[in-house]
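Analysis of the macromolecular model
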Amino acid sequence: MKSLIIDSTANSPKILFDPDTSSFEISGESRPENASVFYKPVMDWIKELETFFTEQDMPVNSPFIFKFRFEYFNSTSAKFILDFCKKLGRLHSLGHPIVVHWHYEEDDEDMLEVGQEMSRMSKFPFELVREAVG
């Protein structure tokens, strides 16, 4: 399975999906000019993950822990983030070892509520991780 690494910019998040190191994280701000273009490789990668799980002869023992550490994302990005979470939820429901850690700063009630809503809409229980500010 290939890695997907995209460096962050002022308008787009860092994407780090590295199966070799078991690192799966999206972090930063997400308000790219064209969200569909930015998130296309992310959505392609999740299709590859589904194929990877389908083609495995033996079960994957350690979970794939996806960490979401958003500072902000716009409504266009939210659609792609939700689609990605729904795909993770589908893999989880099929018995694959997927875990989501939704990080939020302790004073950011909005990001906490968004994480709860994303979890509900993707029908997949997220672990909500409160982080101290500063």
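What you are looking at is a predicted structure, and each value in this text was computed from that prediction instead of being measured. (Residues numbered from 1 in each chain as written. Predicted model: local features only at pLDDT ≥ 70, side-chain atom pairs only at ≥ 80, totals over all residues. Heavy atoms only, no water.)

1. A short note on the sheet that holds strand S5 (residues 98-105)
The sheet built from six strands is open, its strands ordered S1-S2-S3-S4-S5-S6 with mixed pairing. The outermost strands of the open sheet, each flanked by one partner alone, are strand S1 (4-6) and strand S6 (127-131). Each neighbouring strand pair of the sheet contributes to a mean axis angle of 20 degrees, computed without reference to strand direction. Of the pairings in the sheet, the one linking S1 to strand S2 (residues 14-18) comprises three bridges and is antiparallel in character. Bridge pairing in S2 links Ile5 to Leu16. (Pairing = 2+ DSSP bridges. Helix = DSSP H or I, 4+ residues; strand = E, 2+ residues; numbered from the N terminus. Axes fitted to C-alpha atoms, helices over the stretch in contact; angles between N-to-C directions.)

2. A word on the packing of aromatic side chains
Scanning the model with the defined rule gives 21 aromatic pairs in all. Look at Phe24 and Phe64: their rings are 4.9 Å apart centre to centre, the planes differ by 15 degrees, and that puts the pair in the stacked class. Of the two residues, Phe24 sits in strand S3 (residues 23-30) while Phe64 sits in strand S4 (residues 64-73), which places them 40 residues apart along the sequence. Each member of the pair, Phe24 as well as Phe64, carries the same accessibility label: buried. Judged by centre distance (4.9 Å) and plane angle (85 degrees), the rings of Phe38 and Tyr39 are edge-to-face. (Phe/Tyr/Trp six-rings, centres within 6.5 Å; stacked < 30°, edge-to-face > 60°. Buried < 20%, exposed > 50% of the residue type's maximum accessible area, 1.4 Å probe, protein only.)

3. Re the nonpolar core
Core analysis: the largest hydrophobic core is formed by 37 residues, its most contacted members being Phe17, Phe66 and Phe68. Listing elements by their share of this core, those giving two or more residues are S1, S2, S3, helix H1 (35-55), S4, helix H2 (75-93), S5 and helix H3 (109-121). Among the elements that make up this core, the one with the highest residue count is H1 (nine residues). If near-sequence neighbours (up to four positions away) are discounted, Phe17 is found in contact with Lys2, Ser3, Leu4, Ser23, Phe24, Glu25, Ile26, Val42, Trp45, Phe66 and Phe84. (Core = buried A, V, L, I, M, F, W, Y, C linked by side-chain atoms within 4.5 Å. Contact = heavy atoms within 4.5 Å.)

4. A closer look at the layout of surface pockets
By volume, the largest pocket amounts to about 160 Å³. Together, Arg69, Phe70, Glu71, His103, Tyr104, Glu105, Asp108, Glu131 and Ala132 line the largest pocket. Counting residues per element, the ones that place at least two in the lining of the largest pocket are S4 and S5. Tallied by class, residues from the lining of the largest pocket come to three nonpolar, one polar and five charged. (1 Å grid on protein atoms, 1.4 Å probe; cavity = no way out; pocket = protein on both sides within 12 Å on 5 of 7 lines; lining within 4 Å. Points joined across faces, edges and corners; volume = space filled by probe spheres on them. Nonpolar A, V, L, I, M, F, W, Y, C, P; charged D, E, K, R; others polar.)

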